[in-house]
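In case you want the letters, here they are:
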Amino acid sequence: MNAAAEAFLREAAATAANGELHQIVRKGVEHYDAAVERGRARFLDWEAARQRCRKIKREAIDRLDLYLEEFERRVNERGGHVFWAETAEDACRYVTDLAARAGVRTVVKSKSMVSEEIRLNAALETRGIKVWETDLGEFIVQLREEPPFHIVTPAMHLTRRQIAALFREKLGGVQTEDPQELTAVARRELRRAFFSAEMGVTGANFLVADSGAIAITTNEGNARLCSSLPRIHVAIAGIEKVIPRAEDLALLWPVLATAGTGQAITCYNTLVTGPRTASEPDGPEEFHVVLLDNGRSRLLADPEQREVLHCIRCGACLNACPVFRTIGGHAYGTIYSGPIGSVLTPHLRGLAEFQHLSFASSLCGACAVVCPVKIDLPRHLLQNRRNAIAAGLRPAQERTGFRLWRWAMENDRRFTMFGWAARFGWKMARRAGLAGTALDPARRWTKAREMPEIPRHSFRALWRKTHGAG
Amino acid sequence: MAQVENPARERILARIRAATRSVPSSRTAPDARPIFAPVSGPLERFRAECAANATECIVVETASERGRALADLLGGIPEGEIFAQDSPKVRRALALSGTRQIRWSSEGAPSENSQAGVTLAEALVAQTGSVVVSTACGGRGASLVPPVHIVLADTSQLAPDLPAAMETIRRNGTLMACSSVCVITGPSRTADIEKILVLGAHGPRRLVVLISRESD
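Calculation notes
- Residues numbered from 1 in each chain as written.
- Chains lettered and ligands numbered in written order.
- Predicted model: local features only at pLDDT ≥ 70, side-chain atom pairs only at ≥ 80, totals over all residues.
- Heavy atoms only, no water.
- Domains from an automatic or database assignment.
- Pairing = 2+ DSSP bridges.
- Helix = DSSP H or I, 4+ residues; strand = E, 2+ residues; numbered from the N terminus.
- Core = buried A, V, L, I, M, F, W, Y, C linked by side-chain atoms within 4.5 Å.
- Buried < 20%, exposed > 50% of the residue type's maximum accessible area, 1.4 Å probe, protein only.
- Contact = heavy atoms within 4.5 Å.
- Buried area = accessible area lost by both parts, 1.4 Å probe.
- Salt bridge = Lys/Arg side-chain N within 4 Å of Asp/Glu carboxyl O.
- Polar contact = N/O pair within 3.5 Å; in protein donor to acceptor, adjacent residues only side chain to side chain.
- Axes fitted to C-alpha atoms, helices over the stretch in contact; angles between N-to-C directions.
- 1 Å grid on protein atoms, 1.4 Å probe; cavity = no way out; pocket = protein on both sides within 12 Å on 5 of 7 lines; lining within 4 Å.
- Points joined across faces, edges and corners; volume = space filled by probe spheres on them.
- Nonpolar A, V, L, I, M, F, W, Y, C, P; charged D, E, K, R; others polar.
- Patch = residues over 30% accessible without salt bridge, like charges linked within 9 Å, V, L, I, M, F, W, Y side chains within 5 Å.
- Areas by Shrake-Rupley, 256 points an atom, 1.4 Å probe, with all protein chains shown as cover.
- Lys, Arg positive; Asp, Glu negative; His and termini not counted.
- Phe/Tyr/Trp six-rings, centres within 6.5 Å; stacked < 30°, edge-to-face > 60°.

1. Digging into the domain arrangement of chain A
For step 1, the next point in the chain: Taken domain by domain, chain A holds domain 1 (42–294) and domain 2 (408–467).
For step 2, the next point in the chain: Of note, the centres of domain 1 of chain A and domain 2 of chain A, computed from C-alpha atoms alone, are 54 Å apart.

See the structure below:
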């Protein structure tokens, strides 16, 4: 087992046993579920909405080159710059070089999972640049020096008491635990940063080809401040974010909001087409868009899994996932967690190191039911599993075990014999007091759970008794 | 700025083209199923949505009544600068507000301690209770930096739903003329601490829409 898989098992076991964490995550998810139910009720036909969103994304992904070139041309026409980055390093280098050239000392950032993916903050900080995360949840996890717990609600694992203690320690003089007042503290702190920063970095929820616009969705207004006040605005987005037309947003915006938080529409849906024009009173002098590949074009070349690029990062599959709800976002050890993270990460960072995540699922299918662009996530988990097995990345005993199992299942006699042997062996192990100890063959299961008593008769024996031998 | 060398561009595009070359055309019959119920009575719907998203919506008959409502509103706002979109309509409305200190968008960006921003809108959206503003509405900061954003509008600007609002934007060439457009729905908010709703996270704590039934 590699280091990432070992760490995953260790962290997952630890968080699965953390009752306090479960309570706060459950509270968050229940709140979300209720809001989404209200949100969906606003649609006459939610299913039709999902289908149309899928169609929009598919249209863009299937002709990605054309839409990206159209987007780039229009951004250039308006005086913006487009940089194509093959890797995380390329993207970071472009932004840090730009910052160095312009004498940037402070950067304000709005929430961007792509910037987490490329580890932009670390790259800027090694160049001596101060970076402020300005989304409240991101600000909190940045102060804690940890990654976001969830792609939409980064601090969903923390109580107000923990956040208050954090603010008291890091910001000083904070006496309150009231969310309203804690938010006001962050607002005051970050306002100073907004007005002093020379560069604002944002993500983009969509890149609109026909308008050369980036679309950013936030509730707090921090992305608007990041893209309005500093002299330079840099937006970083994966190449899969492009959509054909501005009119598509009339559907994508409410669907993203409903799936993401249950809102009818998010508070601020902002389109930016370029730097300030001569007649405008404010806005940045420079506008840059970094288009990030970082493994996406490779995923595009996989006809089975191309649709994973349709993802709009709403976080619905995380909230629906019983595994995410149990182990939380940090245990995954990846930037993208939950079902979409388990599917996507092997493509971005290598199957060898991250295939184990696709096995940590009961394939219940809840993620596919809630996905607003109808990505068949369980199928992709299965395909990752198949690919991992074909590449010889699974342990030898697993392969042997399944061969043995198939061999036993293929023949009635063998099946009966194996059933008997398993029942007998288990009884012996219990009688010898091995259950739950290091010698227990079923220790993975029994160390945290009671093993049910094995009934006297097997199912087949009972069936024969009541239904006859036929 | 000097053009940055970007050899990766061709490589990425080549990979994309190779990856999508064999993709069959996904053209399917247009899906005509309605997704939202049609909006009837846009003004009533707009008011109901505003009530739900914490926008203060005041409807009056004439433009001059709207000016008086604005004066009343500003009377309740602390001393200090009011930032306003420099347009004849806003100037007429603010003429009724007496001696308030006003900074016009033609003089630059709003200062950090502006007390309110007064702007027009590109459109109102009944379906969601949203206000569409562009950089032509006093720039980017007018609807963002001050703690209160006041919008002067009239009922002719009401689009029934988002597709209609986007069509208005397209028809008016707003995205061509302006470097930014924003669909605003309620005051700034966050629920990042225990999912508890807090208004006024980074943007305005109050959003007030003054609508007159008569256009001016």
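2. Some thoughts on the sheet that holds strand β8 (residues 158–159) of chain B
For step 1, the next point in the chain: Read across the sheet, eight strands follow the order β8(A)-β5(A)-β6(A)-β9(A)-β9(B)-β6(B)-β5(B)-β8(B) without closing on themselves; strand pairing throughout is mixed. Each edge of the open sheet carries a strand with a single partner, namely β8 (242–243) of chain A together with β8 of chain B.
For step 2, the next point in the chain: As paired strands, strand β9 (residues 268–272) of chain A and strand β9 (residues 180–184) of chain B are joined by five bridges and run antiparallel to one another. The residue bridging N269 of chain A from the neighbouring strand is V183 of chain B, located in β9 of chain B.

3. Let's talk about the nonpolar core
All names here are of chain A.
For step 1, the next point in the chain: Within the largest apolar cluster, 131 residues are counted, with the highest numbers of intra-cluster contacts made by M199, I214 and L271.
For step 2, the next point in the chain: Broken down by element, this core gets its largest block of residues, eight residues, from helix α12 (residues 249–260).
For step 3, the next point in the chain: In this structure, V141, A155, A186 and F194 belong to the second largest nonpolar core, which totals 26 residues.

4. Focus on the environment of A91 of chain A
All names here are of chain A.
For step 1, the next point in the chain: Examined against the element boundaries, A91 turns out to sit in helix α5 (residues 88–101).
For step 2, the next point in the chain: Here the alpha-carbon distance between A91 and L292, two residues 201 residues apart in the chain, equals 6.9 Å.
For step 3, the next point in the chain: Beyond its immediate stretch of four places on either side in the chain, A91 contacts A85, I118, V290 and L292.

5. So, the interface of chain A and chain B
For step 1, the next point in the chain: Contacts between the two partners involve 99 residues from chain A, matched on the other side by 78 residues from chain B.
For step 2, the next point in the chain: Carbon and sulfur atoms make up 57% of the area that chain A and chain B hide from each other, which totals about 7,500 Å².
For step 3, the next point in the chain: Applying the counting rule to chain A against chain B returns eleven salt bridges.
For step 4, the next point in the chain: Between D65 of chain A and R17 of chain B there is a salt bridge, with the nearest N and O atoms lying 3.3 Å from each other.
For step 5, the next point in the chain: At the boundary of chain A with chain B, the tally comes to 49 residue pairs in polar contact (both at pLDDT 80 or more).

6. Observations concerning the pairing of strand β10 (residues 286–292) of chain A
Residue and element names in this part refer to chain A.
For step 1, the next point in the chain: Among the seven residues of β10, seven are classified as buried, and the element is accordingly described as predominantly covered.
For step 2, the next point in the chain: Bridge count between strand β1 (residues 81–85) and β10: five bridges; the pairing is parallel. Its bridge partner being in β10, H81 is matched across the sheet by H288.
For step 3, the next point in the chain: Alignment of strand β7 (residues 232–238) against β10, held across seven bridges, turns out to be parallel. In the sheet register, V234 faces β10, and the bridge partner there is H288.

7. So, the sheet that holds β1 of chain A
Residues and elements named next belong to chain A.
For step 1, the next point in the chain: Read across the sheet, six strands follow the order β1-β10-β7-β4-β2-β3 without closing on themselves; strand pairing throughout is parallel. For this open sheet the edge positions go to β1 and β3 (130–133), each flanked by a neighbour on one side alone. Averaged over all pairs of adjacent strands, the angle between strand axes in this sheet comes to 20°, irrespective of strand direction.

8. Quick word on the side chain of R9 of chain B
For step 1, the next point in the chain: Relative to the helices and strands, R9 of chain B is located in helix α1 (residues 8–20).
For step 2, the next point in the chain: For R9 of chain B, the side chain forms a polar contact with the side chain of E10 of chain B, separated by 2.7 Å.
For step 3, the next point in the chain: Those residues in contact with R9 of chain B, other than ones at most four positions away along the chain, are E69, E72 and W84 of chain A.

9. A word on the layout of surface pockets
All names here are of chain A.
For step 1, the next point in the chain: Quantified by volume, the second largest pocket comes out at close to 1,200 Å³.
For step 2, the next point in the chain: Around the second largest pocket, the lining is made up of 29 residues, and of these F8, L9, A12, A360 and R444 lie nearest the centre.
For step 3, the next point in the chain: Only α1 (3–16), α15 (322–327), α18 (356–359), α21 (396–409) and α23 (443–446) provide two or more residues apiece to the lining of the second largest pocket.
For step 4, the next point in the chain: Broken down by element, the lining of the second largest pocket gets its largest block of residues, six residues, from α1.
For step 5, the next point in the chain: Partitioning the lining of the second largest pocket into residue classes produces 18 nonpolar, six polar and five charged.

10. As for a nonpolar patch on the surface
Residue and element names in this part refer to chain A.
For step 1, the next point in the chain: A cluster of nonpolar side chains, contributed by F402, W405, M409 and F415, occupies part of the molecular surface with about 460 Å² of accessible area.
For step 2, the next point in the chain: Take the nonpolar patch: its biggest share by element is three residues, from α21.
For step 3, the next point in the chain: Along the chain, M409 turns up in helix α21.

11. Topic: the side chain of R187 of chain A
For step 1, the next point in the chain: If you trace the backbone, R187 of chain A turns up in helix α10 (residues 179–196).
For step 2, the next point in the chain: No salt bridge is formed by the buried R187 of chain A. Its closest oppositely charged neighbour is E220 of chain A, at 9.6 Å.

12. Some words on the packing of aromatic side chains
All names here are of chain A.
For step 1, the next point in the chain: Across all of its chains, the model carries eleven aromatic pairs over all chains by this definition.
For step 2, the next point in the chain: Arranged with centres 5.3 Å apart and planes meeting at 5°, the rings of W420 and F424 form a pair that is stacked. Linking W420 with F424, this pair stays in helix α22 (residues 412–431), spanning four residues, or about one helical turn.
For step 3, the next point in the chain: According to the relative accessible area criterion, W420 is exposed, its value standing at 56%.
For step 4, the next point in the chain: Here F424 falls in the partly exposed class, since its relative accessible area comes to 42%.
For step 5, the next point in the chain: An aromatic cluster of at least three residues, connected via ring pairs, comprises F8, F149, F324 and Y332.

13. Structural notes on the pattern of salt bridges
For step 1, the next point in the chain: Under the defined criterion, the tally for this structure stands at 46 salt bridges over all chains.
For step 2, the next point in the chain: One salt bridge in this structure joins E146 of chain A and R144 of chain A, with 3.0 Å as the shortest N-O distance.
For step 3, the next point in the chain: For K170 of chain A, the salt bridge identified is with E145 of chain A, shortest N-O distance 3.9 Å. A residue pair is termed long-range when its members are at least 10 positions apart, and K170 of chain A in helix α9 (residues 160–171) and E145 of chain A in the loop between α8 (136–143) and α9 qualify at 25 residues.
For step 4, the next point in the chain: By relative accessible area, which is 69% here, E145 of chain A ends up exposed.
For step 5, the next point in the chain: When salt bridges that share partners are traced, they join D65, E69 and E72 of chain A together with R9, E10 and R17 of chain B into one network.

14. Points about unusual backbone geometry
For step 1, the next point in the chain: At L363 of chain A, a position not held by glycine, the phi torsion is positive, near 55°.
For step 2, the next point in the chain: Locating L363 of chain A in the fold gives a position in the loop between α18 and α19 (366–370).
For step 3, the next point in the chain: For K195 of chain B, which is not glycine, the phi torsion reads 60° and is therefore positive.
For step 4, the next point in the chain: With respect to the helices and strands, the residue K195 of chain B is situated in the loop between β10 (189–190) and β11 (198–199).

15. Topic: the packing of helix α4 (residues 64–77) of chain A against α1 of chain B
The axes of two packed helices give the description: the angle between them and the distance between them.
For step 1, the next point in the chain: Between α4 of chain A and α1 of chain B, the shortest axis-to-axis distance is 8 Å and the interhelical angle comes to 145°. On α1 of chain B, the residues touching L64, D65, L68, E69 and E72 of chain A of α4 of chain A are R9, L13, I16, R17 and T20 of chain B.
For step 2, the next point in the chain: Of the residues assigned to the contact of α4 of chain A with α1 of chain B, the class counts are four nonpolar, one polar and five charged.

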